[in-house]
Amino acid sequence: MRHGRRRITWKGTALVVGAVTAGCALVTYLPQDAGVEAPFIVEGEVGETLDLTYAELTVTEVRVADTLTGLSETAAAGGTFVVVDATWRAVQGQTSFGGAEVTDRQGRRFWPTNLAGCSTSASAQPGYAWRTTYCFDVPRDALAGATVRLARGGQSEDHAGQRRDAVAVIDLGITPSEVDTLWEAEEAVTPEAPGYAPASAGGSEG
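As a starting point, this report considers the structure included with it. (Residues numbered from 1 in each chain as written. Predicted model: local features only at pLDDT ≥ 70, side-chain atom pairs only at ≥ 80, totals over all residues. Heavy atoms only, no water.)

### Here's the deal with the overall build of the chain
- Helix and strand content of the chain: one helix and 13 strands.
- Taken from the N to the C terminus, the helices and strands of the chain come in the order β-β-β-β-β-β-β-β-β-β-β-α-β-β.
- In the chain, the proportion of contacts linking residues at least 24 apart, taken out of those at least 6 apart, comes to 77%.
- For the chain, the exposed area adds up to about 9500 Å²; of that, 50% sits on carbon and sulfur atoms. (Helix = DSSP H or I, 4+ residues; strand = E, 2+ residues; numbered from the N terminus. Contact = heavy atoms within 4.5 Å. Areas by Shrake-Rupley, 256 points an atom, 1.4 Å probe, with all protein chains shown as cover.)

Below, the structure is given as structure tokens:
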């Protein structure tokens, strides 16, 4: 039986609490072959704008919830939903961003769901900040130390579409001491529809 709610929120280094039951879809981690040219990893934190050469990326907020509520459906997590709000700003022409996954400390990879209006990819034009929300269904033991990986290359088991390209890896800021609180709280999140973000979001206008 779940206990009372507790909500923790901070913008920039943001985290909004949530909770759940066990079991979820998992993408098995496959190590890249030693001969495969790896992508260029750009590491960052929530609230930090990262320069990926082809775009600027800001993860603006992270939320954890047991339920997603959309206009036409409500989705319950098998584990818990990690909800990642991000802003893309293309700098080299219209660009599609097809790579998105959460990775835990064990190297397990979780791909995004399109339930309740969540996005699995995004597209942006130069001069405009495009806001999108990714939702990942993960088990309890994946929360602490999890990172989100976002890139323009398409999603695949071996990251083949991201070789020799810039990839953002962002620490979601979830510590081991917070996991019990996140798991026990009961929260619902309504993903915001993708769209243009305010001029100040995700970096400055070029």
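### Notes on the environment of Glu-187
- As for its placement among the helices and strands, Glu-187 is situated in the loop between helix H1 (179-184) and strand E12 (188-189).
- Relative accessible area serves as the criterion here: at 6%, Glu-187 is assigned to the buried category.
- With 106 residues separating them along the chain, Glu-187 and Phe-81 place their C-alpha atoms 10.0 Å apart. (Buried < 20%, exposed > 50% of the residue type's maximum accessible area, 1.4 Å probe, protein only.)

### Comments concerning the sheet that holds strand E7 (residues 109-110)
- One open sheet accounts for five strands, arranged E1-E11-E10-E6-E7; its pairing is mixed. One side of each edge strand has no neighbouring strand; the edge strands of this open sheet are strand E1 (40-45) and E7.
- The pairing of E1 with strand E11 (residues 166-171) spans six bridges and is parallel. By the bridge assignment, Glu-45 is partnered in E11 with Asp-171. (Pairing = 2+ DSSP bridges.)

### Some details on the pairing of strand E9 (residues 130-138)
- The buried count for E9 comes to eight of nine residues, which makes it a mostly enclosed element.
- Looking at chain direction, strand E4 (residues 74-90) and E9 are connected through nine bridges and run antiparallel. Note on E9: the bridge partner recorded for Val-84 is Tyr-134.
- As paired strands, E9 and strand E13 (residues 195-196) are joined by two bridges and run antiparallel to one another. Counterpart to Arg-131 in the pairing with E13 is Gly-195.

### A closer look at the state of the cysteines
- Applying the stated rule across the entire model yields one disulfide.
- Bridging Cys-118 to Cys-135, the disulfide has an S-S length of 2.0 Å. Disulfide Cys-118-Cys-135: torsion about the S-S bond near -70 degrees, hence left-handed. Of the two residues, Cys-118 sits in the loop between E7 and strand E8 (122-124) while Cys-135 sits in strand E9, which places them 17 residues apart along the sequence.
- Using a relative accessible area of 6% as the deciding quantity, one classes Cys-118 as buried. (Disulfide = S-S within 2.5 Å.)

### Observations concerning the pattern of salt bridges
- Inspection of the entire model under this criterion finds eight salt bridges.
- We note a salt bridge from Glu-192 to Arg-131, for which the minimum N-O separation is 3.6 Å. A residue pair is termed long-range when its members are at least 10 positions apart, and Glu-192 in the loop between E12 and E13 and Arg-131 in strand E9 qualify at 61 residues.
- Using a relative accessible area of 46% as the deciding quantity, one classes Glu-192 as partly exposed.
- Residues Asp-180 and Arg-140 are paired through a salt bridge, measuring 2.4 Å at the closest nitrogen-oxygen approach. Here Asp-180, found in helix H1, pairs with Arg-140, found in the loop between E9 and strand E10 (147-151); they are 40 residues apart in sequence, far enough to count as distant.
- Residue Arg-140 is classed as partly exposed on the basis of its relative accessible area, which comes to 33%. (Salt bridge = Lys/Arg side-chain N within 4 Å of Asp/Glu carboxyl O.)

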